[in-house]
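Chain residues, written in single-letter form:
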Amino acid sequence: MFLVKQPSIKTRILNPKLCPPHDLVHAIESYPTYYDPLYYPHYYPQIFSTPEKFCAWLQACLSSHGDMCGSCRSIYKSTAVLYDGSALCVWVDDTFLTFPRSHFESPLYSHCSVFRRLSSLHDAAAPSTGAVRVTAASCIASRVDDDPSWFAYPDDGLRTHLLALSAAILSSAVRLLCGRRCLVPRYKNGCVDFIMRDLSARKTQLSSLTHEDLLDQLSSTAVPIGCPRTRSTVLAAEFEKLYGEQVAIALRAPPEVVAVIGVPHASSAASVELSMTWLSVSIDELTRRLEKVSRADIQLCLRRLPSTFRKPSDMRSHRKTCNALAHHIRERAFSLSHACPTLLADVFLAHFPFAHSYDQSDAVLVAQILAHEFGLSIMTRLSQELLSASAKLKVVRDEHRRCAIEEAETIRGVREAEWPVCAPQNVVLNCLNDYVARSAWTEPSVCAVCSCYDRDLVAVCLSDDLAPYHLDLLRVPEDIMSRESARFSVSVMPLSTA
């Protein structure tokens, strides 16, 4: 059975002529309006048996709903329904919407909910201008009060994500549910089966509650500070409390990466659209950039990837590992850049279930998703161009020059802000002492030979060879010295005491 539809509990008003007679035997086919498949699903098992039959029935109902419902009578009449393997995709005019199977299984479902989702999507896309442009941010804003998309993920994918966790983590999650260690299964597959059964029961129970009833029932569930209490955030917090953070992350994990094949000029188009210049760089260049990352960061990035990718890429060669990782990152960026807004919103909410800001562009959301999946250090290294030695020196010089200019501007700004200011007393005294020391007059020394001040003398360094200086002119004969000394001699007579 494709859908386990619960009978609708929505109130409806019918013309008495469309209702069967009371206490009289009648044929169901004679009153198709009264015996609507939404209210009597057990009478129509063939509609909910396969995806093809249900999509055909739902498409016919949505196409005629605009003429029958007064509140939904609008231009939204062209519809198409398709099941992509994990969720039901509904096209209303030119707008693409995705719904989990639990949305249609709920007893509160009505065809009006599809058109209300479309109306809220348009309001979030253009609240003021009136121009409708559906973006991932508008899709996120339109589904805050709906069940999260990971409610509709196929069981095979959920089981694969759970099996990728360690046995200790799974046993801890089961112990949180049981409350007793003796009830925990001994094997890993048993823990996964236990979690899957509990998850299925809880999703069915919570999906049947209205928005107000769910918030009242989960009033004790705490959400992160600053995060609004919406249906999606409260459910994400509740499952983290039930199973633990790591198991909840595995349950929210989006489907595996799908590469974009056959897209012409995909690298240049994605590079321009996402403002990521590294997408247009060759794989060899991206590999050389990743080789600059440490092996520890590369291994941490590989552990975040799906298990199907880790086996062929976990090699001994660092270069081969970087090459495979570069291929994988670029293919992931291509797939996100070409994804429709609703799918991009699903992936973003799977990684950031408590996000409360819905005004980012699609390029910003893609950058956040890539940084979360592969690590910020990896994405930063991919965007950095490899430089030669001379180019690196030039960058270093420019950086030093820029820092010096910034420091000078900072000092100048501080001085301008503090000017005028009284100088400290020690600064004043030091300046006065320096002025006195440098302005005081001192008598210069006098030459013993010529009795002249030495301020005009030039010091000459003499070498060992004194012949060029003619020092013999300065020699005086001894007879001249004796004669001159006798000429200037003075006789001293002793003083008489008489």
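Further up the page is the structure itself.
Here is a short report on the structure shown in this document. Note that this is a predicted model, so its numbers are computed, not measured.

### Here's the deal with the overall build of the protein
Per the secondary structure count, the protein includes 21 helices and three strands. The buried share among the 498 residues of the protein stands at 35%. Within the protein, counting contacts between residues at least 6 apart in sequence, those at least 24 apart form 60% of the total.

### Brief notes about the nonpolar core
Ranked by internal contacts, the top residues of the largest apolar core, which has 36 residues, are Trp278, Leu325, Ile329, Leu370 and Phe374. Where this core is concerned, the elements lending two or more residues are α4 (136–142), α12 (283–290), α13 (295–304), α15 (318–337), α16 (341–351), α17 (362–374) and α18 (376–383). Examining the composition of this core, we find that seven residues originate from one element, α15, more than from any other.

### Quick notes on the side chain of His161
With respect to the helices and strands, the residue His161 is situated in helix α5 (residues 155–163). When its relative accessible area of 19% is taken as the criterion, His161 is described as buried. In this view, His161 contacts Ala250, Ala253 and Pro254; residues no more than four positions away in its chain are not counted.

### Side note on the pairing of strand β2 (residues 88–92)
Here β2 lies mainly inside the structure; four of its five residues are buried. Inspection of the sheet shows strand β1 (residues 79–83) paired to β2 by five bridges, in the antiparallel sense. Along β2, the bridge assignment pairs Leu82 with Cys89.

### Quick word on the environment of Lys5
Tracing the backbone through its elements, the reader meets Lys5 in the segment before α1 (51–68). For Lys5, a relative accessible area of 10% translates into the label buried. Separated by 98 residues in the primary sequence, Lys5 and His103 have C-alpha atoms spaced 9.9 Å apart. The contact partners of Lys5, leaving out residues within four places of it in the chain, are Leu38, Pro41, Phe48, Phe104, Glu105, Ser106 and Pro107.

### What to know about the side chain of Arg289
When you line up the elements, Arg289 lands in helix α12. Contact partners of Arg289, with chain neighbours within four places excluded, come to Trp278, Val281, Arg381, Leu382, Ser383, Gln384, Glu385 and Leu386.

### What to know about the packing of α12 against α15
Interaxial distance between α12 and α15 falls to 8 Å at its minimum, and their mutual angle equals 120°. Compared by their axis directions, α12 and α15 come out oblique. For the pair α12 and α15, the crossing hand works out as right-handed. Of the residues in α15, those touching α12 at Ile283, Asp284, Leu286, Thr287, Arg288 and Leu290 are His318, Arg319, Cys322, Asn323, Leu325, Ala326, His327 and Arg330. Grouping the constituent residues of the contact of α12 with α15 by class yields six nonpolar, four polar and four charged.

### Here we look at the packing of aromatic side chains
All chains considered together, the criterion is met by 14 aromatic pairs. Consider the rings of Phe54 and Phe104, whose centres lie 5.6 Å apart with planes at 75°: the pair is edge-to-face. Of this pair, Phe54 sits in helix α1 while Phe104 sits in helix α2 (residues 101–105); the two residues are 50 residues apart in sequence, bridging distant segments of the chain. In terms of burial, Phe54 and Phe104 fall into one category: buried. Grouping aromatic residues by their ring pairs yields a cluster made of Phe2, Phe48, Phe54, Trp57, Tyr83, Phe104 and Tyr109. Across from the ring centre of Tyr34, 5.5 Å away, lies the NZ or CZ of Arg12, which sits over that ring. Residue placement shows Arg12 over the ring face of Tyr39; its charged tip is 4.0 Å from the ring centre.

### What about unusual backbone geometry?
Positive phi, normally seen in glycine, also occurs at Asp23, with a value near 60°. Structurally, the position occupied by Asp23 is in the segment before α1.

Calculation criteria
Residues numbered from 1 in each chain as written. Predicted model: local features only at pLDDT ≥ 70, side-chain atom pairs only at ≥ 80, totals over all residues. Heavy atoms only, no water. Helix = DSSP H or I, 4+ residues; strand = E, 2+ residues; numbered from the N terminus. Buried < 20%, exposed > 50% of the residue type's maximum accessible area, 1.4 Å probe, protein only. Contact = heavy atoms within 4.5 Å. Core = buried A, V, L, I, M, F, W, Y, C linked by side-chain atoms within 4.5 Å. Pairing = 2+ DSSP bridges. Axes fitted to C-alpha atoms, helices over the stretch in contact; angles between N-to-C directions. Parallel < 35°, antiparallel > 145°, perpendicular 65-115°, else oblique. Left-handed = near helix turned anticlockwise from the far one by under 90°. Nonpolar A, V, L, I, M, F, W, Y, C, P; charged D, E, K, R; others polar. Phe/Tyr/Trp six-rings, centres within 6.5 Å; stacked < 30°, edge-to-face > 60°. Lys NZ or Arg CZ within 6 Å of the ring centre and 35° of its normal.

It is worth stressing that arrangement in space is one thing and function is another; only the former is reported here.
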